[in-house]
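Below are the chains, spelled out letter by letter.
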Amino acid sequence: MSRRPDDFIRFLKGLRAIREYTPDPVSDDALEDILEVARWSGSASNRQPVELVVVRDPAVRQKMADNGARAAGSAPVAILTVTPGDPERPELEAFDNGRMVERLMLAARAHGLGSNVMTLKGEGPEIIRRELGIPPGRKVWTVVSIGHIDREARRARPPNPNAGRRPLDAFVHWERW
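All of the points below concern the structure found in this document. Being a predicted model, the structure only gives us computed values, none of them experimental.

A few words on unusual backbone geometry. Trans peptide bonds make up the majority, and among non-glycine residues the majority have a negative phi. In this model, Ser 45 sits at a positive phi of 55°, which is unusual for a non-glycine residue. Relative to the elements of secondary structure, Ser 45 occurs in the loop between helix H2 (28-39) and strand E1 (51-55). Notably, Asn 46 is not glycine yet its phi reads approximately 55°, a positive angle. With respect to the helices and strands, the residue Asn 46 is situated in the loop between H2 and E1.

Moving on: the packing of helix H1 (residues 5-13) against helix H4 (residues 90-110). Put simply, H1 and H4 touch, their axes get as near as 10 Å, and they point 115° apart. The angle between H1 and H4 places the two elements in the roughly perpendicular class. Handedness of the crossing formed by H1 with H4: right-handed. Within the contact between the two elements, H1 uses Arg 10, Phe 11 and Leu 12 and H4 uses Leu 106, Arg 109 and Ala 110. Of the residues contributing to the contact of H1 with H4, the split by class is four nonpolar, no polar and two charged.

This next bit is on the sheet that holds strand E3 (residues 114-119). Whenever strands of a sheet pair, they do so through backbone hydrogen bonds, lying parallel or antiparallel. As summarised here, the arrangement of the four strands in space is E1-E2-E4-E3, forming an open sheet in which the pairing is antiparallel. Two strands lie at the open edges of the sheet, namely E1 and E3, each paired on one side alone. Ignoring strand direction, the axes of neighbouring strands in this sheet form an average angle of 25°. As paired elements, E3 and strand E4 (residues 139-147) share six bridges and run antiparallel to each other.

On to the packing of aromatic side chains. For the coordinates displayed, the defined rule picks out zero aromatic pairs. The aromatic ring of Trp 141 is capped on one face by Lys 139, whose charged end is 5.1 Å from the ring centroid.

This next bit is on the pairing of E4. Within E4, seven of the nine residues are buried, which leaves it mostly tucked inside the rest of the structure. Pairing of strand E2 (residues 77-83) with E4 involves six bridges; the strand directions are antiparallel. What sits directly across from Val 77, in E4, is Ile 146.

Calculation notes
Residues numbered from 1 in each chain as written. Predicted model: local features only at pLDDT ≥ 70, side-chain atom pairs only at ≥ 80, totals over all residues. Heavy atoms only, no water. Helix = DSSP H or I, 4+ residues; strand = E, 2+ residues; numbered from the N terminus. Axes fitted to C-alpha atoms, helices over the stretch in contact; angles between N-to-C directions. Parallel < 35°, antiparallel > 145°, perpendicular 65-115°, else oblique. Left-handed = near helix turned anticlockwise from the far one by under 90°. Contact = heavy atoms within 4.5 Å. Nonpolar A, V, L, I, M, F, W, Y, C, P; charged D, E, K, R; others polar. Pairing = 2+ DSSP bridges. Phe/Tyr/Trp six-rings, centres within 6.5 Å; stacked < 30°, edge-to-face > 60°. Lys NZ or Arg CZ within 6 Å of the ring centre and 35° of its normal. Buried < 20%, exposed > 50% of the residue type's maximum accessible area, 1.4 Å probe, protein only.

Right under this line is the structure:
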């Protein structure tokens, strides 16, 4: 089946941060597909430094929510990203982490699921590291929540006044600043 570029562009532009989920579980097949897409995410020098911890346990997801990753508390799945914490490569690890997070979110969207990316705050990274048995020295980066979108809750939410996008000529510079 061939697709037009417009279909892909519309798909990419339609990615939204979802904070409201139904309690319905994410199927194992969908989750495996999402994780496979993440596995094929690019990385600097193909080092593949990002590792993932899939968390379905509601108590652990609530600890994530209590430490800054609020949507993890209501989503049926939270995925924690972890990198080696190499002091010689912090920018590359951050870049690779971001690439993988975006892939996780797009793969979730391909399955009709919602997702959101959040960071753990304060002591959150250390609390979650201990809770999940992550070795010392590893960098606990971000949490991606994934689940079925609670459309009623989204509609009931007040509109975000900052939700619009600047026009291209407001942030794109051609040839020179």
